[in-house]
There are 2 protein chains.
Amino acid sequence: MNQEIDKNSEIEAIRHSTAHVMAEAVSSIFPDAKLGIGPAIENGFYYDFDLPRPLTPDDLPAITTKMKEIIKANKPFIQKNISREQALDLFHDQPYKLELINDIPDETLSIYSHGNFVDLCRGPHLPSTGKIKAFKLTTIAGAYWKGCEHNSMLQRIYGLAFPSRLELEEYVKKVEEAAKRDHRKLGKDLDLYSIYDEAGPGLVCWHPDGAVIRRTIEDFWKREHDMRRYSIIYTPHIAKLNMWKTSGHWDFYRDYLYSPMVIDEEEYLLKPMNCLYHILIYNSRKRSYRELPLRFAELGTVYRYEPSGTLHGMSRVRGFTQDDSHIFCRYSQLEKETVQVLDLAMYMINTFGFEKYQVKLSTRPEKFAGSDEMWQNATDTLKKALEIKNIAYEVDPGEGVFYGPKIDIKFEDAMNRAWQGPTIQVDFNLPQRFNVTYTGEDGQEHPVAMIHRTVLGSMERFMACITEHYGGSFPVWLAPVQVQVIPVADRHLDYAKKIEADLRKELLRAIVDTSSSTVNHKIRGAQMKKVPCMLILGDKEIAAGTVSVRWRSGEQDNNITIDKLLKILLDTVSQQTS
Amino acid sequence: MNQEIDKNSEIEAIRHSTAHVMAEAVSSIFPDAKLGIGPAIENGFYYDFDLPRPLTPDDLPAITTKMKEIIKANKPFIQKNISREQALDLFHDQPYKLELINDIPDETLSIYSHGNFVDLCRGPHLPSTGKIKAFKLTTIAGAYWKGCEHNSMLQRIYGLAFPSRLELEEYVKKVEEAAKRDHRKLGKDLDLYSIYDEAGPGLVCWHPDGAVIRRTIEDFWKREHDMRRYSIIYTPHIAKLNMWKTSGHWDFYRDYLYSPMVIDEEEYLLKPMNCLYHILIYNSRKRSYRELPLRFAELGTVYRYEPSGTLHGMSRVRGFTQDDSHIFCRYSQLEKETVQVLDLAMYMINTFGFEKYQVKLSTRPEKFAGSDEMWQNATDTLKKALEIKNIAYEVDPGEGVFYGPKIDIKFEDAMNRAWQGPTIQVDFNLPQRFNVTYTGEDGQEHPVAMIHRTVLGSMERFMACITEHYGGSFPVWLAPVQVQVIPVADRHLDYAKKIEADLRKELLRAIVDTSSSTVNHKIRGAQMKKVPCMLILGDKEIAAGTVSVRWRSGEQDNNITIDKLLKILLDTVSQQTS
């Protein structure tokens, strides 16, 4: 543990020292520079400057060169404590520093100097500038002094700093890889989706190729739900506001709800969740214990207000389709139902190649609905279900929602980043507010146990996640175009169309490139689109009645029969492997 | 033609005369009765009365008996013209008649009498009451005098009247059959859907069994659209109001649009149609002539305001899912695209057993977008496409929407009632307003030809239609439960579950009746749900490893192998026959 602290404070010193070196470099280039603050941050540092002219990325090489000189000179960092008066005198031509000094209540202030450069600073720092081994200036941004928009706008330079060149390079590579995999970039490159200013922020339009992927996932989702005896339903996107007043949502979540519409003098709300409609259907007639469990599932599109600053591509939006379900059962069935939900969730998530999880069980918060005993029993039941499924979990004490305990599962993508996945929540609140009951063997009405659950979360966020996870190279079963058929020349077009037809008959998504480009150009086009299978068809293939395959991986299968190709592709699709 | 007029005026006379006879009967039972009006209507007549006590259906037999006596007495109907003064005197104790007399400007008024009963009336009437051959009193309803809610409420008795007993009986049978097939009744009996007061009128919730049918239709729809190279997309349910201002919808259809919501100080509208989103996606990048035609399709849920009085079950609603598509092509491709849409539409509609059509081609209205020439060409193109498909049609002059000519297809259900089906509309307006173009071979931008089309119309209305068309006996491929597995006694339950599993493995919707009822009771239950295939499993079937089938038609297949049953069922499903 101490080693870790040492390591952390060493990295902090590296980053802090590099910030000072950059400040000196900038001051030497711009002698009139007024300095703001320059802290160490995750992966690096920044420093804010008030300069006579705006910086551009073109300024960074000169600053970097200057910094390297300072580092090479290996000037020692020297700490000194001075009085407030001395400080005010020392920084008399640095108005931002003066403001900082006035903000500090202490009478003694710490400064650090290296060579002729002095900064107001608590440290820690490296022994000397020569100890800085690996840094890289990255971006320039505007930043209000003290983060307040009424203050002047300073120019901020961000940089990375690591203990070694290797670590810096690894980090840079990781960032570049993440940028390449950013679903907003891939969404555009692969023409998967758009969000249009004309329509509104946070509202996702699924373009044809993105929609193919969504539909394939939805079909998979529906099939798995059919097999597990869920009932898939459809409900409207608006309902009378009063329903959400009765449920308590209007009071609790008002900031996230849209403004009501008035229809025939009554207020209606765009639905923020599907549960109330599922309860209406449950309550449409008396339910006997024999009918339970009832599992209503819906790919239900809901709308929630999110401040525009928090919106992010498809992963944080205002309208999204939850793969939602509400299970109505007896309390005695809660354990088995939870086990089955965990089973379904893990199966579906594994299918997409996610293998690492973080599982949390959130328990009773300060304010809660239901009784102590209900919470205790339901929490124990969720624990038991996790144990039955042999799933390691952490307890998150007091982090349950007010209406019941819950299990949250985050999974890690190929870049080791965690994404919010399945959630399973018990609800003590709604069954009571809407009088959701069943008739028991005793002829009496009993309250149902109600579970809210999603597996993928929302189609939008899940799409963002798998786009980054696969880096846009979707496995064959999901790929919008599975086979690009490439005729070498125009005279091979008829054969190409015949092969395309053979593949489409088997419901494979094949398409002929009918353009008049060169073969290489066509291959490059298919590669840009990350098509898993390219067929190159020329004289040889026509003569032999075969196809030559070039896989996305670079592997090739020359002159194989269409039957063999079909077998390979259909196996891959049915096994949902890449 | 004259014969038809004679026939119509004879029926009119029958119905009018029966109304007079009923008025006499009521007056003889209630001597203080004050009479309103009593016209002939479609299929019969009514008469309004002001009576000392409210009528109930129990009053109808006595009135009927009295009417039969009057008919038997064969009293002649005698017409007479009298002066206004004579009329005022004659009806001095009939305040409603006096009001009518005062409303008539003529100085000479016509009265009809039979026996002692006299009524203010223009006729025509039968020669005598004995000529009335077939009538039936049906319902009692409240009706404001002169239809104005500020006037007093009278009691209206409705009756049917036909020239013959046979015609009356046929009509009654038809009405009864229609009532049995009413999708609102079947929707409840078969638990297909609900519309909840708590949520709002015109908003349909698809219950599990109704949702199975919808999903099956949607899967069929998607498969056919995939095969025909449509691109299925998803778009949000709200967008900035401004889009619908640009399109002109806000001005043209405002009464049918919901009130806007405000988000971040901007107005948003619940979408009344999908087209603008499809245009946004089309316009997301430049399109080359090589990409055309582009066929965007969406099962898009839209919301339109309809006055609550016009709402009717699932067939007239406020929220509905259109099976929508917009085709963007060159004008030179319009004919081929129209032919293909007709082909798809006819194929899909035929699949549901609709074989009779009424096809209308609507041409340029008074106010229109685009040029005369554009209209002429597009109208000719639609005509040509209909002729190529050999579809008989009528021209509906001037009935096109302002933005282009259209083809509307109505189809007749099993009761010979017409339902609105596919529509194909050319649009000259939106491409211009949103600058929807493609780059031609000449490198220039050209306006696209845009087609709006639906095949089924909306999932809701189509569901209403097929529910009534099939009378709830959905063909196997659509039936929510395809096979009800009925164990004779508890000891046959395991075998029943094994058979259920065998069927479900083939994606057949099979379910075991696990209740402890008698076999007959279980069969009756399955019949009530109109399940197409019932399997009765007892000792004999277990011993032989077979199943005994009782089909919905009443036919039976005893002791057949599960393989044979699977073949029958899977063939039926794949051929989409009943």
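Since this is a predicted model, take the numbers as computed values, not measurements.

## Focus: the sheet that holds strand 14 (residues 266–270) of chain A
In any sheet, the strands associate via hydrogen bonds between backbone groups, in a parallel or an antiparallel arrangement.
Residues and elements named next belong to chain A.
Moving on, step 1. As summarised here, the arrangement of the three strands in space is 12-14-13, forming an open sheet in which the pairing is antiparallel. Edge strands, defined here as strands with exactly one partner in the open sheet, are strand 12 (238–240) and strand 13 (261–263). Neighbour to neighbour, the strand axes of the sheet diverge by 40° on average, direction disregarded.

## Here we look at the relation of the copies chain B and chain A
Moving on, step 1. The transform that puts chain B on chain A rotates by 180° and translates by 0.0 Å along the axis, for an RMSD of 0.3 Å. Expressed as a symmetry operation, the mapping of one chain copy onto the other fits a two-fold axis. When C-alpha positions in chain B are compared against the rotation axis, the closest is assigned to B:Met261, at 3.1 Å.
Moving on, step 2. When the interface residues of chain B are mapped onto chain A, 100% of them are again interface residues, pointing to one common binding face.

## Thoughts on helix 4 (residues 95–103) of chain B
Residues three or four positions apart in an α-helix share a direction because the helix packs 3.6 residues into each turn.
All names here are of chain B.
Moving on, step 1. The complete set of buried residues in helix 4 reads Tyr96, Lys97, Leu100 and Ile101. Angularly, the buried residues of helix 4 cover 145° about the axis, an arc narrow enough to put them on a single face.
Moving on, step 2. The elements touched by buried residues of helix 4 are strand 1 (34–35), strand 3 (44–50), helix 3 (84–90), strand 5 (108–114), strand 6 (117–120) and strand 8 (153–162).

## Considerations on helix 2 (residues 60–72) of chain A
Residue and element names in this part refer to chain A.
Moving on, step 1. End to end, helix 2 covers 18 Å across 13 residues, agreeing with the expected 18 Å (1.5 Å per residue, within 8%).
Moving on, step 2. Inspection of helix 2 places Leu60, Ile63, Thr64, Met67, Ile70 and Ile71 among the buried residues, and these make up the whole buried set. Down the axis of helix 2, the sector holding all buried residues measures 120°, keeping them to one side. Helix 2 presents Pro61 and Lys72 as exposed residues on the side facing more than 90 degrees away from its buried surface.

## Comments concerning the domain arrangement of chain A
Moving on, step 1. In terms of domains, chain A is made up of domain 1 (2–178), domain 2 (188–470) and domain 3 (483–576).
Moving on, step 2. Each of domain 1 of chain A and domain 2 of chain A was reduced to a C-alpha centroid, and the two centroids are 46 Å apart.

## Focus on the nonpolar core
Moving on, step 1. A:Ile238, A:Tyr282, B:Ile238 and B:Tyr282 are the most contacted members of the largest nonpolar core, which totals 76 residues.
Moving on, step 2. Sequence-distant contacts of B:Ile238, that is, excluding residues within four places in its chain, are made with A:Leu203, A:Tyr258, A:Leu270, A:Tyr303, B:Met261, B:Ile263, B:Tyr268, B:Leu269, B:Leu270, B:Lys271 and B:Tyr277.
Moving on, step 3. A:Ile217, A:Phe220, A:Phe352 and A:Phe354 belong to the second largest nonpolar core, which has 62 residues in total.

## Description of the pattern of salt bridges
Moving on, step 1. With the rule as written, the count across this model stands at 76 salt bridges over all chains.
Moving on, step 2. In this structure, B:Glu107 engages B:Arg84 in a salt bridge whose closest nitrogen and oxygen atoms are separated by 3.3 Å. Of this pair, B:Glu107 sits in the loop between helix 4 and strand 5 while B:Arg84 sits in helix 3; the two residues are 23 residues apart in sequence, bridging distant segments of the chain.
Moving on, step 3. One salt-bridge network, held together by shared partners, links A:Asp191, B:Arg285, B:Arg287 and B:Glu291.

## Topic: the side chain of B:Arg215
Moving on, step 1. In this structure, B:Arg215 sits in helix 7 (residues 208–227).
Moving on, step 2. Every residue in contact with B:Arg215, bar those within four places of it in the chain, is listed here: A:Lys222, A:Asp226, A:Ile232 and A:Tyr234.

## Here we look at the sheet that holds strand 12 (residues 238–240) of chain B
Residues and elements named next belong to chain B.
Moving on, step 1. Spatial strand order, 12-14-13: three strands in an open sheet with antiparallel pairing. Edge positions in the sheet fall to strand 12 and strand 13 (261–263), since each has one partner strand and no second. Neighbour-to-neighbour, the strand axes of this sheet turn through a mean angle of 40°, independent of strand direction.
Moving on, step 2. Across three bridges, strand 12 lies against strand 14 (residues 266–270) in antiparallel orientation. Paired with Ala239 across the bridge in strand 14 is Leu269.

Reading the values: rules and limits
- Residues numbered from 1 in each chain as written.
- Chains lettered and ligands numbered in written order.
- Predicted model: local features only at pLDDT ≥ 70, side-chain atom pairs only at ≥ 80, totals over all residues.
- Heavy atoms only, no water.
- Pairing = 2+ DSSP bridges.
- Helix = DSSP H or I, 4+ residues; strand = E, 2+ residues; numbered from the N terminus.
- Axes fitted to C-alpha atoms, helices over the stretch in contact; angles between N-to-C directions.
- Least-squares fit on C-alpha atoms with pLDDT ≥ 70 in both.
- Contact = heavy atoms within 4.5 Å.
- Buried < 20%, exposed > 50% of the residue type's maximum accessible area, 1.4 Å probe, protein only.
- Arc of directions from axis to C-beta.
- Expected span 1.5 Å × (residues − 1).
- Domains from an automatic or database assignment.
- Core = buried A, V, L, I, M, F, W, Y, C linked by side-chain atoms within 4.5 Å.
- Salt bridge = Lys/Arg side-chain N within 4 Å of Asp/Glu carboxyl O.

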